[in-house]
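Spelled out, the chains give:
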Amino acid sequence: MKPLVWMMPLVLAACALNPKPQPVTVDGFAKARFGDTLATLKKAVGKPLYGGSDSAAQCQMLFENPDASQQFGMAFMVENGRFVRLDVDSPGYLSPGGIKVGDPLAKAEQVFAGRSETLPHKYQAGAQLLVVSDPAWQGKKLVFEAGADGLVRSWRLGVMPAVLYMERCG
């Protein structure tokens, strides 16, 4: 019995190094749903969010990572006090359809065949966007950004028109 007890910390450490990606649904993340108020969003996410303010009236971004100058993991866009979009630049999250950062854009095109459109990226030569629409999603869209290498660098999900903005606010 003692060897099993001794190995438990090693097993737990291995699980922490390779965590299972967290799924995101078309309705939102965890208990945070598109359209929720800023206060409800903060409470529903269940972990600290950085940036923005409770008094910001128009558009703000709240980040999972306190140093969002590099990767931010997941970011939440709030417009006029309502949660409207989430952005992901980390392989730690699965989009609807099971695509994550680092996957080939071709995989997303296959998963969403007949419900997507591939467009050139507005600012990066050779990069592409895949815009996914589904009537069952009640006006929400999923947008994948891929580099010239064809790999997904980030993705975002949300309501119109915020989900189509190339720039973040905040």
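This text goes with the structure placed above it.
Below is a summary of the structure that appears in this document.

Here is what the cut-offs are and how they apply
- Residues numbered from 1 in each chain as written.
- Predicted model: local features only at pLDDT ≥ 70, side-chain atom pairs only at ≥ 80, totals over all residues.
- Heavy atoms only, no water.
- Helix = DSSP H or I, 4+ residues; strand = E, 2+ residues; numbered from the N terminus.
- Buried < 20%, exposed > 50% of the residue type's maximum accessible area, 1.4 Å probe, protein only.
- Core = buried A, V, L, I, M, F, W, Y, C linked by side-chain atoms within 4.5 Å.
- Pairing = 2+ DSSP bridges.

Looking now at unusual backbone geometry. Following M160, the chain continues into P161 via a peptide bond in cis, with omega recorded as -5 degrees. Its location among the elements puts P161 in the segment after β11 (152-159). Notably, N80 is not glycine yet its phi reads approximately 50 degrees, a positive angle. Summarising the element assignment, N80 is placed in the loop between β5 (74-79) and β6 (82-88). Residue classification places N80 among the exposed residues on the basis of a relative accessible area of 59%.

A separate point is the nonpolar core. Nonpolar side chains tend toward joint burial in soluble globular proteins. The biggest cluster of nonpolar side chains holds 32 residues, and the ones touching the most others in it are L41, F76, L86, F144 and W155. Mapped onto this core, the elements with two or more residues apiece are α2 (38-45), β5, β6, α3 (105-111), β9 (128-133), β10 (140-146) and β11. Sorting elements by how many residues they give to this core places α2 first, with four residues. F63, F72, M77 and V84 belong to the second-largest nonpolar core, a separate cluster that totals eight residues.

Time to look at the pairing of β10. Taking burial as the measure, the seven residues of β10 include seven buried ones, the bulk of the element. Going residue by residue along β10, you find K140, L142, F144 and A146 tucked away on one face and K141, V143 and E145 tucked away on the opposite face as well. In the sheet, β9 pairs with β10 via six bridges, with the strands oriented antiparallel. What sits directly across from V132, in β10, is L142.

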